[in-house]
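Summary of structural features
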Amino acid sequence: MSATTEAAEMAAQSNGAPGKVTEQVDTVVIRFCGDSGDGMQLVGTQFTNVSAAFGNDVSTLPDFPAEIRAPAGSLAGVSGYQLCFSKNDIYTPGDEVDTLVAMNPAALKTNVGDLKRGGTLIVNEDEFDRSNLQKAHYESNPLAEGNALHAYRVHKVPMTRLTRDSVDGLGLSVREADRCKNFFALGLVYWLYDRDRKPTEDWITSKFSKNPSVAEANLRALRAGYNYGFSTESFTVHYEVSKAKLPPGKYRKITGNEALAMAMAVAARISNQTLFFGGYPITPASDILHELSSLKNFGVRTFQAEDEIAAITSIIGASFGGALAVTASSGPGIALKGEGIGLGVMTELPMVIINVQRGGPSTGLPTKTEQSDLFLSMFGRNGDCPMPLIAAQSPGDCFTMMFEALRIAVEFMTPVFLLTDGYIANGAEPWKIPEISSLQPIPVRHPTGPNGANGEYLPYLRDDRLVRPWAIPGTPGLEHRIGGLEKANISGNVAYDPENHERMTHIRRQKVENIAAAIPQQTVNGPDSGDLLVVSWGGTYGAVWTAVEQCQKQGLSVAHTHIRYINPFPSNLGDILSRYKRVLVPELNTGQLRFILRGKYLVNAEGYNKIQGKPFLVSELVSKIEQTLKS
């Protein structure tokens, strides 16, 4: 026996799998995909939770159909969940897939193109019957053709049959038994990547505590999948990914929508204020309302409105009453809120409007990501109607930027737009739970008496930053008019004279511009000057920074700056842009930030645009950077 073979045997035996080798890898990308009823989101989430709890850095990309229930087995009904976990810092869910789990022919057809050459393909061969092949538009069975999948390591597993065998004797119907096959697949992949199945077993026991037979069935299926990987001769290698070297602290897995909801509740609690959230369900923003509705014990008040107009006007009323007021929607809903948002600007009341961007226009791509609402958020209201605009860069960053949105709204008495997108909203990453002592309360001040020289209350008497006071209705002596008609300067009375309207328009604009002095300066990753600056915003952060970092390691003269404060921009942004020969702005739209930068700074910014409902691949960006520097 050679030394190499002997070492492999010892490694395998140490893992309790005779004849099987454990291989160390740094980073793995897995995608579970199947019919929308196959539970792919559930098992992907479980694998993410287990990997995050183990200590890996994790980034995820859920992908599900827009239809509530697309036809079973159809290409349109495929649901997927991709996750990347690593021993190193990662910022994206990965480009090429290392392991693809396809539960039916449609899942295989729509996803196999993303599997890297030599990657592992696990298919449920029981579902490759004539009916399912026809639904997926296969003329013949790709599992039976010698060359169809020759580029991959294919494992044909009879998951449906093995799942039914594992739950036999529990009295389940065939349909109920088949619903457990997602846990069989999860158990198999747990074995393949040396994951601990105990947290998932505990979750199953708790989740189905009121239905013991279902709990037992799912537990059996999970263990059967794990044992299949252990015992079958098909899998001769399994893999181990070590813990990541994350900064010390307590971590949890968090999605962008979860982070937004948590930040609202925490901000209100430490500021000793009431939080009011008024929203109307719309994908992919609905989970914010769902999350907040479960936090009533923290004093959170939620209101599911009958439509988008009611949602925005409800938070105007809540803000007028002194609450921290927030609403959330996506592109179509933001359009409907437009007049109400203008009312918030005219009355100069603090509130936050969250725009979780999706593909558009109209109802567009409800479950896909895009950055095409920047123009809508910046300009999409009648009249000169300026608003602060900030954007989160990752799921965890949603917590920080939600605090910032509330701070800016209250500190400057203005509605604030906070932009995320479908990728950030549904994606997940490990998040270091902050110490409460490190979080700053929102400084809320309400006047308690008149502010006029003659003992009257002047609602539009401003401080040196042009911020008006926030009076609570019912406070004696602070009675004042409020509404959508133009305000007379200082008194707030209705005024139609032309000079006053022009003066008030400039005041509202300048108040927003003054925010630039209260936000951080823009920073650059890389050289302070050079051949190329790549500018990103929103959810493109991870892919753009990873691509720039790879190019920097090649010795290319390229730097990266990521903009989180868009209106106003940080005061030093213009100077940064001027120090580079060329500026490249990758966006998931037709070039909206590029348009704004060119107009404001007269910089000859170039665009790189993708409008497919999918985030950038790192490889796409690396190629574009290289081409730009060569041209």
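In this report, we go over the structure that sits alongside the text. From a predicted model like this one, the values you see are computed outputs, not experimental measurements.

So, about the packing of helix H7 (residues 181-192) against helix H9 (residues 212-231). The description of two helices packed together rests on the angle between their axes and the distance between the axes. For the pair H7 and H9, the least separation of the axes is 6 Å and the interaxial angle reads 40 degrees. In terms of orientation, H7 lies oblique with respect to H9. The handedness of the crossing between H7 and H9 is right-handed. Across the interface between the two elements, Phe183, Phe184, Leu186, Gly187, Leu188, Tyr190 and Trp191 from H7 touch Asn218, Ala221, Leu222, Ala224, Gly225, Tyr226, Tyr228, Gly229 and Phe230 from H9. Taken together, the residues that form the contact of H7 with H9 break down as 12 nonpolar, 4 polar and no charged.

Applying the stated criterion across every chain, the model contains 24 salt bridges. Here arginine 407 makes a salt bridge to glutamate 411, at a shortest N to O gap of 2.9 Å. Highlighted residues: arginine 407 and glutamate 411, both in helix H16 (residues 397-412), separated by 4 residues, approximately one helical turn. We note that arginine 407, like glutamate 411, is buried. The structure contains a network of salt bridges with shared partners spanning Glu404, Arg407, Glu411 and Arg465.

A few words now on empty space enclosed by the protein. Within this structure, the stated rule accounts for 3 cavities of 30 Å³ or more. If you add up the space inside the largest cavity, you get close to 50 Å³. Of all the elements, helix H18 (residues 498-513) adds the most residues to the lining of the largest cavity, at 3 residues. Classifying every residue of the lining of the largest cavity by side-chain character gives 5 nonpolar, 1 polar and 3 charged. Looking at which domains feed residues into the lining of the largest cavity, each of domain 2 (252-438) and domain 3 (445-519) supplies at least three. Of the voids in this model, the second largest cavity is the one considered here, and its volume is about 40 Å³. As for the second largest cavity, its lining consists of Phe277, Gly279, Tyr280, Pro281, Ala285, Ser286, Leu289 and Ala328. Of all the secondary-structure elements, those providing two or more residues to the lining of the second largest cavity are strand S10 (275-279) and helix H11 (286-293). Of the residues in the lining of the second largest cavity, the class split is 6 nonpolar, 2 polar and no charged.

Turning to the sheet that holds strand S6 (residues 115-124), a few remarks are in order. Strand order across the open sheet formed by 6 strands is S3-S4-S2-S5-S6-S7, with mixed pairing between neighbours. For this open sheet the edge positions go to strand S3 (57-63) and strand S7 (153-157), each flanked by a neighbour on one side alone. Here the strands of the sheet are splayed against their neighbours by 15 degrees on average, with no regard to which way each runs. Bridge analysis of S6 against S7 gives 5 bridges, and the strand direction is parallel. What sits directly across from isoleucine 122, in S7, is histidine 155. Packed on one face of the sheet, helix H2 (residues 40-54) meets strand S2 (27-35), S3 and strand S4 (78-86) and runs near 10 degrees to S4.

Reading the values: the criteria
- Residues numbered from 1 in each chain as written.
- Predicted model: local features only at pLDDT ≥ 70, side-chain atom pairs only at ≥ 80, totals over all residues.
- Heavy atoms only, no water.
- Axes fitted to C-alpha atoms, helices over the stretch in contact; angles between N-to-C directions.
- Helix = DSSP H or I, 4+ residues; strand = E, 2+ residues; numbered from the N terminus.
- Parallel < 35°, antiparallel > 145°, perpendicular 65-115°, else oblique.
- Left-handed = near helix turned anticlockwise from the far one by under 90°.
- Contact = heavy atoms within 4.5 Å.
- Nonpolar A, V, L, I, M, F, W, Y, C, P; charged D, E, K, R; others polar.
- Salt bridge = Lys/Arg side-chain N within 4 Å of Asp/Glu carboxyl O.
- Buried < 20%, exposed > 50% of the residue type's maximum accessible area, 1.4 Å probe, protein only.
- 1 Å grid on protein atoms, 1.4 Å probe; cavity = no way out; pocket = protein on both sides within 12 Å on 5 of 7 lines; lining within 4 Å.
- Points joined across faces, edges and corners; volume = space filled by probe spheres on them.
- Domains from an automatic or database assignment.
- Pairing = 2+ DSSP bridges.

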